[in-house]
Amino acid sequence: MTTIVVQFSVMAQVRNLLIGMEADLGLAHLNRVERDLYHACLDISADDGTFVSSDVRSHRLMADVAPATFHRALKRLLNAGLIERADNCAVKNYILVHR
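What this report covers is the structure whose coordinates are included nearby. The structure presented is a predicted model; accordingly, all values stated were derived computationally and were not measured. (Residues numbered from 1 in each chain as written. Predicted model: local features only at pLDDT ≥ 70, side-chain atom pairs only at ≥ 80, totals over all residues. Heavy atoms only, no water.)

Next up on the list: helix H1 (residues 3-24). Spanning 22 residues, H1 covers 31 Å between terminal C-alpha atoms, matching the ideal 32 Å at 1.5 Å per step. The positive-phi residue at the C-terminal boundary of H1 is Gly-26, with phi of around 80°. (Helix = DSSP H or I, 4+ residues; strand = E, 2+ residues; numbered from the N terminus. Expected span 1.5 Å × (residues − 1).)

Right under this line is the structure:
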């Protein structure tokens, strides 16, 4: 196989692994934007799990997401109990909830 074919094959395997892990962790019910948003929150959150929504909004996974869609997805993550508003912080501060 050529190098490019091998790279695409590995990419497909990694994607399948990620989909399986998302299902195992109970994220399969989320749509693509919600999953990407959750991944962005995980990526930019501080060691204590806190993050600011504007920082997540500027993450590359959110680049093609309309503002209204972003806020709907954020609300869905809140309602699903995957994130919470951070106590004693500004309105746009959140914290990851690990079940």
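On inspection of all chains with the given rule, the structure shows one aromatic pair. Considering the side-chain rings of Phe-51 and Tyr-94, the 5.8 Å spacing of their centres and the 20° angle between planes classify their relative orientation as stacked. Taken together, the residues span a long stretch of sequence, with Phe-51 in strand E1 (residues 50-52) and Tyr-94 in strand E3 (residues 93-96) at a distance of 43 residues. Pair check on accessibility: Phe-51 and Tyr-94 agree, each one buried. (Phe/Tyr/Trp six-rings, centres within 6.5 Å; stacked < 30°, edge-to-face > 60°. Buried < 20%, exposed > 50% of the residue type's maximum accessible area, 1.4 Å probe, protein only.)

In this section: the pairing of E3. Strand direction decides the pairing type here: E1 and E3, joined by three bridges, are antiparallel. In the sheet register, Phe-51 faces E3, and the bridge partner there is Tyr-94. Relative to E3, strand E2 (residues 83-85) runs antiparallel, the two sharing three bridges. What sits directly across from Glu-84, in E3, is Ile-95. (Pairing = 2+ DSSP bridges.)

By themselves, these observations are geometric and do not establish any function.
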